[in-house]
Amino acid sequence: MTILSLTQLQQTYRTPPLPATIELNGTTSLHIDSWLRVLPGKRYVAKARWGEQVVLAKLFIGPRSEQKLQREIVGSQQLNNAAIATPSIIEHGNNQQGAWLLTEFLNGAEDLYSITGRDQAMLDQSLAGIEHGLAVAKQVAELHNAHLAQTDGHPGNFMFLDGRCYVIDCADISAATTLDDHTDNLGQLLAQLPQSWWQPLWQCYQQAAKHSTNYDDVYNAALKKLAWRGQNVAEKSVRDCTQFAVSQYFDRFEVVVRDQEQQLAPLLQDLDAAIANGQPLKKGGSATVAKVDWQGHTLVIKRYNLKNWLHRISRWFRPTRAWHSWQGGNRLRTIGIATPKPLAMVEERFGPLRGRGYLITECSSGLGLVKALEQGNSDTLASLTGELQFLLQRFREHKLSHGDFKATNLLWDPQLSPSLSLIDLDVIRWHNKPSRWRKHYHKDVSRLLRNWRDTPAVLAVLEPALTSTT
């Protein structure tokens, strides 16, 4: 059993020991059963035992620790005054090293992510589990009726236990008195849920709210939040943080999804050997792609080659295409567009100069669109048409273009929702200028339709469906 002060806990960075006892003051100590969340040097959240009682412990470290504690206490009081369910405070305190808050532990509770079997990317557009989303929308309406808002209103901050919806993370409870406040806050929640849920949840919210919101305003607020989340994830994906682990040396930059770090570490040591021993998918001057079996999982490794010295010199000071694809893939998945999950990215370096890049992703189970239509029937064409319209709507909403939007770069798996997955993200772009985006968008649509210029029956269905809104 490791015994730590709050100061010593701060020095453990991302890996505080287990089991551990944290000394809070001369007479009080906390026995840690498991760490639930770690923000290194700032906040540590744990399931713990305080005497004989199981509690949720929040430990705040740093110069603003007492201020953070007070925000938690005030937010909890505001929720209690509004009769909104939240875990009860059991104990709190502070000293020169930090502050602590012990609350009721909701044993067996599940948040909206876990209870619906989804993750933060929220790629699944089915309605499965929507009843829990409706319960959260109702709870948000009750918060707004009390002129309050959970300003960090992501699905993880709404917990379900015995049919009751609890609001947690009380430090983020603040006043929300205007219609704009309510619209923006509801949009923030919707932006983190499947887009197919937005209208049903807004309708449920309307039934419980004492005020009226406009759906178009809420929808636009959600889109704005969703776009921000996508850009934020892309920026975080090349920084060392909770979600991503970054290692940087004179001759190498490496980033990997943190929960895959140990599993992928041996693979990343020699990616060229893994490509050589894998199943080749593409051998070209600009890129080499191979499918590999790794510890029971099928992965795809793409190496972005340098064709000659002129090509190498031209890429020295620009992010590699692996870097661009890595950020693009994480951004797409965040805004609800399917693409094989990026797992790791490596750039060869010579100080500030960049060389070859490698991208490691999960392997998609889908077929290219041409093969999908060849092997399908009339129902397949109807289904794919609808999915393409859905995908292009996302392109329009987020002002993005793929740049190589051909049938082989769209994979179809009817068992998934959405069933279309984008690959080859080397030149994907988000546009600030509508005129420039529109030009690239038209190129994307035209490039896709060229795949069926010798198949008039297919083209007669796809062309009017995909160009009617351009």
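Check the entry above for the structure.
The shown structure was predicted, so the numbers you read here are calculated from the model rather than taken from an experiment.

Q: For this particular structure, what's the right way to read the packing of aromatic side chains?
A: Centre-to-centre distance and the angle between the planes together describe a pair of aromatic rings. One pass over the structure, following the stated rule, counts nine aromatic pairs. Ring centres of Phe-250 and Phe-350 lie 5.1 Å apart, and the angle between their planes is 70°; on these two criteria the pair is classed as edge-to-face. Of the two residues, Phe-250 sits in the loop between β13 (244-249) and β14 (252-257) while Phe-350 sits in strand β18 (residues 342-350), which places them 100 residues apart along the sequence. Among the residues examined, Phe-350 registers a relative accessible area of 57% and is labelled exposed. Ring centres 5.1 Å apart and planes at 45° place the aromatic pair Phe-253 and Trp-323 in the tilted group. Of this pair, Phe-253 sits in strand β14 while Trp-323 sits in helix α11 (residues 321-334), placing them 70 residues apart in sequence. Comparing Phe-253 with Trp-323, the two get one shared label, buried. For Arg-331, the ring lying beneath its charged end belongs to Trp-430, and the centroid distance is 4.1 Å. Lying over the aromatic face of Phe-390, Arg-394 brings its terminal NZ or CZ to 4.2 Å of the ring centre.

Q: What am I meant to see in the nonpolar core here?
A: Across soluble globular proteins, nonpolar side chains have a tendency to be buried as a group. Core analysis: the biggest nonpolar cluster contains 67 residues, and Leu-369, Phe-395 and Leu-422 have the highest contact counts within it. If we skip the residues at most four places from it in the chain, Leu-422 touches Leu-332, Ile-337, Ala-338, Thr-339, Pro-340, Leu-391, Phe-395, His-402, Phe-405, Asn-409 and Leu-410. Core analysis: the second largest hydrophobic core is formed by 19 residues, Leu-9, Leu-30, Val-55 and Trp-100 among them.

Q: Before we go on, may I ask you to explain the packing of helix α13 (residues 378-398) against helix α15 (residues 456-467) in this structure?
A: Axes are the key here: two packed helices are described by the angle between their axes and the distance separating the axes. It is at 10 Å that the axes of α13 and α15 come closest, and there the two elements cross at 25°. Classed by the angle they form, the pair α13 and α15 counts as roughly parallel. Crossing hand, α13 versus α15: right-handed. Mapping the contact onto sequence places Leu-381, Thr-385, Leu-388, Gln-389 and Leu-392 in α13 and Val-458, Val-461, Leu-462, Ala-465 and Leu-466 in α15. Looking at the contact of α13 with α15 residue by residue, the classes come out as eight nonpolar, two polar and no charged.

Q: Explanation requested: the sheet that holds strand β8 (residues 110-111) in the structure shown.
A: Each strand in a sheet pairs with its neighbour through backbone hydrogen bonds, running either in the same direction (parallel) or in the opposite one (antiparallel). Taken together, the three strands give an open sheet; going across it, the order is β8-β10-β11, and neighbouring strands pair in antiparallel fashion. Every interior strand has two partners, whereas the edge strands, β8 and β11 (164-167), have only one. For β8 and strand β10 (residues 158-161), the ladder comprises two bridges, and the chain directions are antiparallel. Note that in β10 the partner of Glu-110 across the bridge is Phe-160.

Q: What's the story with α15 in this structure? I'm lost.
A: Each turn of an α-helix holds 3.6 residues, which means side chains three or four residues apart point in the same direction. In this model, α15 (12 residues) spans 16 Å end to end at C-alpha, consistent with the 16 Å of a helix rising 1.5 Å per residue. The set of residues buried in α15 consists of Val-458, Leu-459, Leu-462, Ala-465 and Leu-466. Down the axis of α15, the sector holding all buried residues measures 150°, keeping them to one side. The exposed residues of α15 that point more than 90 degrees off its buried face are Pro-456, Ala-457 and Ala-460.

Q: Whenever I open this one, the pattern of salt bridges confuses me. Can you help?
A: Charged atoms that come close allow side chains of opposite charge to pair. Here the structure, examined in full by the defined rule, presents 19 salt bridges. Residue Asp-272 is joined to Arg-356 by a salt bridge in which the shortest nitrogen-to-oxygen separation is 3.1 Å. Within this pair, whereas Asp-272 is found in helix α9 (residues 271-277), its partner Arg-356 is found in strand β19 (residues 353-362), the two being separated by 84 residues in sequence. What emerges from the salt-bridge pattern is a single network uniting Arg-14, Asp-240, Arg-258 and Glu-261.

Q: For this particular structure, what's the right way to read unusual backbone geometry?
A: For residues other than glycine, phi is negative in most cases, and the peptide bonds are mostly trans. Here Leu-18 and Pro-19 are connected by a cis peptide whose omega angle stands at -10°. Among the structural elements, Pro-19 can be located in the loop between α1 (6-10) and β2 (20-23). Positive phi, close to 55°, is recorded for Tyr-13, a residue that is not glycine. Note that Tyr-13 resides in the loop between α1 and β2.

Q: Can you help me understand the environment of Thr-213 in this one?
A: Topologically, Thr-213 is positioned in the loop between α6 (198-208) and α7 (215-236). Looking at Thr-213, the relative accessible area reads 5%, which means it is buried. Considering only alpha carbons, one finds Thr-213 and Trp-202, 11 residues apart in sequence, at a separation of 8.7 Å. Contacts of Thr-213, omitting those with residues within four sequence positions, involve Leu-179, Thr-183, Trp-202, Tyr-205, Gln-206 and Val-218. A polar contact is formed between the side chain of Thr-213 and the side chain of Trp-202, at a distance of 2.9 Å.

Q: I would appreciate a short explanation of the pairing of strand β15 (residues 279-283) in the present structure.
A: Successive residues of a regular strand alternate their side chains across the two faces of the sheet. Two elements, β15 and strand β16 (residues 287-294), share four bridges in a ladder whose sense is antiparallel. In the sheet register, Lys-283 faces β16, and the bridge partner there is Thr-288. Here β15 hands over to β16 after three residues, the two strands then running antiparallel side by side.

Q: In this structure, what is going on with the pairing of β13? I would like to understand it.
A: Alignment of β13 against β14, held across six bridges, turns out to be antiparallel. Across the sheet, residue Phe-244 finds its bridge partner in β14, namely Val-257. Linking two consecutive strands that pair antiparallel, namely β13 and β14, is a turn of two residues.

Q: Sorry, what's going on with α13 here?
A: Here α13 contains 21 residues, and its C-alpha end-to-end distance of 31 Å stays within 8% of the 30 Å for a straight helix at 1.5 Å per residue. Listed in full, the buried residues belonging to α13 are Thr-380, Leu-381, Leu-384, Thr-385, Glu-387, Leu-388, Leu-391, Leu-392, Arg-394, Phe-395 and His-398. Just past α13, the residue Lys-399 takes up positive phi, approximately 50°.

Q: How do you make sense of the environment of Ala-171 when you look at a structure like this?
A: By secondary structure assignment, the location of Ala-171 is in the loop between β11 and β12 (173-175). What makes Ala-171 buried here is its relative accessible area of 17%. As a C-alpha pair, Ala-171 and Leu-69 span 102 residues in sequence and 7.8 Å in three-dimensional space. Ala-171 has contacts with Arg-71 and Glu-72, leaving out every residue within four places of it along the chain.

Q: What exactly am I supposed to notice about a positive patch on the surface here?
A: There is a patch of like positive charges on the surface, built from Arg-429, Lys-433, Arg-436, Lys-439 and Lys-443. Sort the elements by how many residues they give to the positive patch and helix α14 (residues 434-449) lands first, with three residues. Looking at the secondary structure, you find Lys-443 in helix α14.

Conventions used here
- Residues numbered from 1 in each chain as written.
- Predicted model: local features only at pLDDT ≥ 70, side-chain atom pairs only at ≥ 80, totals over all residues.
- Heavy atoms only, no water.
- Phe/Tyr/Trp six-rings, centres within 6.5 Å; stacked < 30°, edge-to-face > 60°.
- Helix = DSSP H or I, 4+ residues; strand = E, 2+ residues; numbered from the N terminus.
- Buried < 20%, exposed > 50% of the residue type's maximum accessible area, 1.4 Å probe, protein only.
- Lys NZ or Arg CZ within 6 Å of the ring centre and 35° of its normal.
- Core = buried A, V, L, I, M, F, W, Y, C linked by side-chain atoms within 4.5 Å.
- Contact = heavy atoms within 4.5 Å.
- Axes fitted to C-alpha atoms, helices over the stretch in contact; angles between N-to-C directions.
- Parallel < 35°, antiparallel > 145°, perpendicular 65-115°, else oblique.
- Left-handed = near helix turned anticlockwise from the far one by under 90°.
- Nonpolar A, V, L, I, M, F, W, Y, C, P; charged D, E, K, R; others polar.
- Pairing = 2+ DSSP bridges.
- Expected span 1.5 Å × (residues − 1).
- Arc of directions from axis to C-beta.
- Salt bridge = Lys/Arg side-chain N within 4 Å of Asp/Glu carboxyl O.
- Polar contact = N/O pair within 3.5 Å; in protein donor to acceptor, adjacent residues only side chain to side chain.
- Patch = residues over 30% accessible without salt bridge, like charges linked within 9 Å, V, L, I, M, F, W, Y side chains within 5 Å.
- Areas by Shrake-Rupley, 256 points an atom, 1.4 Å probe, with all protein chains shown as cover.
- Lys, Arg positive; Asp, Glu negative; His and termini not counted.
- Charge placed at Lys NZ, Arg CZ, Asp CG, Glu CD.

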